[in-house]
Amino acid sequence: MSQSPPLTGLRVLEFAGLAPGPFAGILLADWGAHVLRIDRAARGAHTDKPPPPTVDLLTRHKSSIAVDIKSAAGISLILSLIPNVDILIDPFRPGVLEKAGLSPEKVLLRLNPRLIVARMTGFRRDGKYASMAGHDINYVAVSGVLSQLGRKGDTPYPPANLLGDFGGGGLVCFLGIVMALLQRQKTGMGQVVEANMVDGAAYLGVMPRFARKTPMWDQPRGENVLDGGCPYYDTYECKDGGYMAVGALEPQFFARLIRGLEIQTSDLTGAREDRRTWPALRNLFVKTFKSRTRPEWEQVFDDTDACCTPVLTQDELENGGYDQRPIVTLKDSPAKAISEGEADTRPAHGGQGIGVDGDGWQSKGLKPGVGGEDVLARWMGWRRGRQYDLVDGGLVRLGAGSKL
């Protein structure tokens, strides 16, 4: 671990939001960037008795300042920071930054041509639903991906908010930021990055979309190989109520699976590739898995190539000491650690540094205003009462029309 995380030294302003914006911010922070969240002004912020943490739990390695962006003096403070930062994350619906006087093209990039403005929306900015409110389920719905998810004969089933908010949203936004940073190394210029969860989810769905023209995914929802239609790519309940996941797609893996299940070839009604055999095969698997507990099946299939594993719960993993790790391992310049521990005591896959509370299993959130003034001192050399002050729970720039 001789090198710092690759984003060390980058300065990020993150307007407070939920899910995708903060997820892009936490990825930046985990990889070394200094992320300063801009919270709404709140009574008690920047005092010895700060307000409770916001509902945003994606706050690891971040600090906060509270600012009223409807205040001219609050906007002036933000504008004063812009020449000294590298990235700004905008989680708002279209037009909010512009209304606040923070237009990326007309204001922000003129103040700092090297700035990268990452704009995260749900719907496309130029699409039919651009002005509408929505949530993950809506974005994934209009992307076309939701129509492919769910059991046969049932309604489309949303995969929580993983596909829109996180996979197609925050992670895609982070990727756009990294690409803009690479481009800035070549040109010296920043740019606007526009990410939206519709396009992000649609892009993640490229394989099942292309596969619609092939036998892999040419059937209705819930009747295909990878969407729960195939009996040897599905989950099964065990005697104790636990579940096993089966992914025995290849012939050699399938052979190992039925051997572990003690199913004889003569018990099969035909070739496994023949969809007409799938209902009977599924019934056989259901009955067989129900005959033993999940730990018993684990004993059968662990260390085999049957592609049969337990469906572990979050509680099991946490109580069993499973170590949460950064999203990817860079052997020479690992991310910051996301679990507790002392500095320089982990292998590269565990990250570097002293770690954070919660071991990657819980977050206490971030109280508005906590740590932010220290960041202003480091970035700008500012001190309260000189360059800025506190008014009605928010920081304001002195000399900018504030009523002090």
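Residues numbered from 1 in each chain as written. Predicted model: local features only at pLDDT ≥ 70, side-chain atom pairs only at ≥ 80, totals over all residues. Heavy atoms only, no water.

Student: How do you make sense of the domain arrangement of the chain when you look at a structure like this?
Tutor: Many analyses report the size of an interface as the accessible area lost when the parts associate. Along its sequence, the chain is carved into domain 1 (11-205 + 371-397) and domain 2 (233-320). Placing the centre of domain 1 and that of domain 2 at their C-alpha centroids yields a distance of 43 Å. (Domains from an automatic or database assignment.)

Student: Is there a simple way to explain a negative patch on the surface in this structure?
Tutor: A contiguous patch of negative charge on the surface is contributed by Asp315, Glu318, Glu340, Asp357 and Asp359. Structurally, the position occupied by Asp357 is in the loop between helix H12 (314-319) and helix H13 (372-380). Owing to a relative accessible area of 56%, Asp357 belongs among the exposed residues under this scheme. (Patch = residues over 30% accessible without salt bridge, like charges linked within 9 Å, V, L, I, M, F, W, Y side chains within 5 Å. Areas by Shrake-Rupley, 256 points an atom, 1.4 Å probe, with all protein chains shown as cover. Salt bridge = Lys/Arg side-chain N within 4 Å of Asp/Glu carboxyl O. Lys, Arg positive; Asp, Glu negative; His and termini not counted. Charge placed at Lys NZ, Arg CZ, Asp CG, Glu CD. Helix = DSSP H or I, 4+ residues; strand = E, 2+ residues; numbered from the N terminus. Buried < 20%, exposed > 50% of the residue type's maximum accessible area, 1.4 Å probe, protein only.)

Student: Teacher, can you tell me more about helix H4 (residues 104-111) here?
Tutor: Every α-helix winds through 3.6 residues per turn, so residues three or four apart in the chain are directed the same way. Burial in H4 covers these residues: Pro104, Leu108 and Leu109. Summarising the axial view, the buried residues of H4 lie within an arc of 90°, below the 170-degree limit, and thus occupy one face. Opposite the buried face of H4, by more than 90 degrees, sit the exposed residues Lys106 and Arg110. Where the residues of H4 are buried, they touch helix H2 (72-81), strand S4 (87-90), helix H3 (96-99), strand S5 (116-121) and strand S6 (191-196). (Arc of directions from axis to C-beta. Contact = heavy atoms within 4.5 Å.)

Student: Looking at this structure, how should I read the layout of surface pockets?
Tutor: Any space left empty among the atoms is revealed by the rolling of a water-sized probe across them. Approximately 950 Å³ is the volume attributed to the largest pocket. Surrounding the largest pocket, 25 residues form its lining, Ile26, Leu57, Leu58, Arg60 and Gly360 being those nearest its centre. Secondary structure elements with two or more residues in the lining of the largest pocket: helix H1 (20-30) and helix H6 (162-187). Taken together, the residues of the lining of the largest pocket break down into 13 nonpolar, 7 polar and 5 charged. Along the walls of the second largest pocket sit 22 residues, with Ala16, Asp39, Arg40, Ile69 and Phe92 positioned nearest its centre. (1 Å grid on protein atoms, 1.4 Å probe; cavity = no way out; pocket = protein on both sides within 12 Å on 5 of 7 lines; lining within 4 Å. Points joined across faces, edges and corners; volume = space filled by probe spheres on them. Nonpolar A, V, L, I, M, F, W, Y, C, P; charged D, E, K, R; others polar.)

Student: Sorry, what's going on with the pairing of strand S7 (residues 233-237) here?
Tutor: Here is the key point about a regular strand: its side chains alternate between the two faces of the sheet. Burial of the side chains of S7 is restricted to one face: Asp234 and Tyr236 are buried, whereas none of Tyr233, Thr235 and Glu237 on the reverse face is. Taken together, the 5 bridges between S7 and strand S8 (residues 243-247) define a ladder with antiparallel strand orientation. Within S8, the position partnered with Glu237 by the bridge is Tyr243. Counted between consecutive antiparallel strands, the loop separating S7 from S8 contains 5 residues, among which Gly241 sits at a positive phi close to 90°. (Pairing = 2+ DSSP bridges.)

Student: Quick question: what am I supposed to make of the packing of aromatic side chains here?
Tutor: The geometry of an aromatic ring pair is captured by two quantities: the separation of the ring centres and the angle between the planes. As enumerated under the stated definition, the model contains 12 aromatic pairs in all. Summarising the aromatic geometry, the rings of Tyr236 and Phe285 are spaced 5.8 Å apart at their centres and angled 90° between planes, so their arrangement reads as edge-to-face. One end of the pair, Tyr236, is in strand S7; the other, Phe285, is in helix H10 (residues 278-289), and 49 residues separate them in sequence. The pair formed by Tyr236 and Phe285 is uniform in burial state, with each residue classed as buried. One aromatic cluster is present, built from ring pairs that chain together Tyr236, Phe285, Phe289, Trp297 and Phe301. The ring of Tyr232 is capped by Arg272, whose NZ or CZ atom sits 4.7 Å from the centre of that ring. Note that Arg292 overlies the ring of Trp297, its terminal NZ or CZ placed 4.8 Å from the centroid. (Phe/Tyr/Trp six-rings, centres within 6.5 Å; stacked < 30°, edge-to-face > 60°. Lys NZ or Arg CZ within 6 Å of the ring centre and 35° of its normal.)

Student: For this particular structure, what's the right way to read the sheet that holds S8?
Tutor: Each strand in a sheet pairs with another by means of backbone hydrogen bonds, the pair being arranged parallel or else antiparallel. Spatially, the 3 strands line up as an open sheet ordered S7-S8-S9, and their pairing is antiparallel. Either end of the sheet is taken by a strand with one partner, and the two such strands are S7 and strand S9 (308-310). Strand-to-strand twist across the sheet, computed as the mean angle between neighbouring axes with direction ignored, equals 25°. Of the pairings in the sheet, the one linking S8 to S9 comprises 3 bridges and is antiparallel in character. Its bridge partner lying in S9, Ala245 is registered against Thr309. (Axes fitted to C-alpha atoms, helices over the stretch in contact; angles between N-to-C directions.)

Student: Before we go on, may I ask you to explain the packing of helix H5 (residues 136-143) against helix H7 (residues 197-204) in this structure?
Tutor: A pair of packed helices is captured by two measures, namely the crossing angle of their axes and the spacing between those axes. Relative to each other, H5 and H7 sit at 55°, their axes nearing to 8 Å. Comparing their axes, H7 and H5 come out oblique. Between H5 and H7 lies a crossing of right-handed hand. Contact residues: H5 offers Tyr139, Val140, Val142 and Ser143, while H7 offers Met197, Val198, Ala201 and Ala202. When its residues are assigned to classes, the contact of H5 with H7 shows 7 nonpolar, 1 polar and no charged. (Parallel < 35°, antiparallel > 145°, perpendicular 65-115°, else oblique. Left-handed = near helix turned anticlockwise from the far one by under 90°.)

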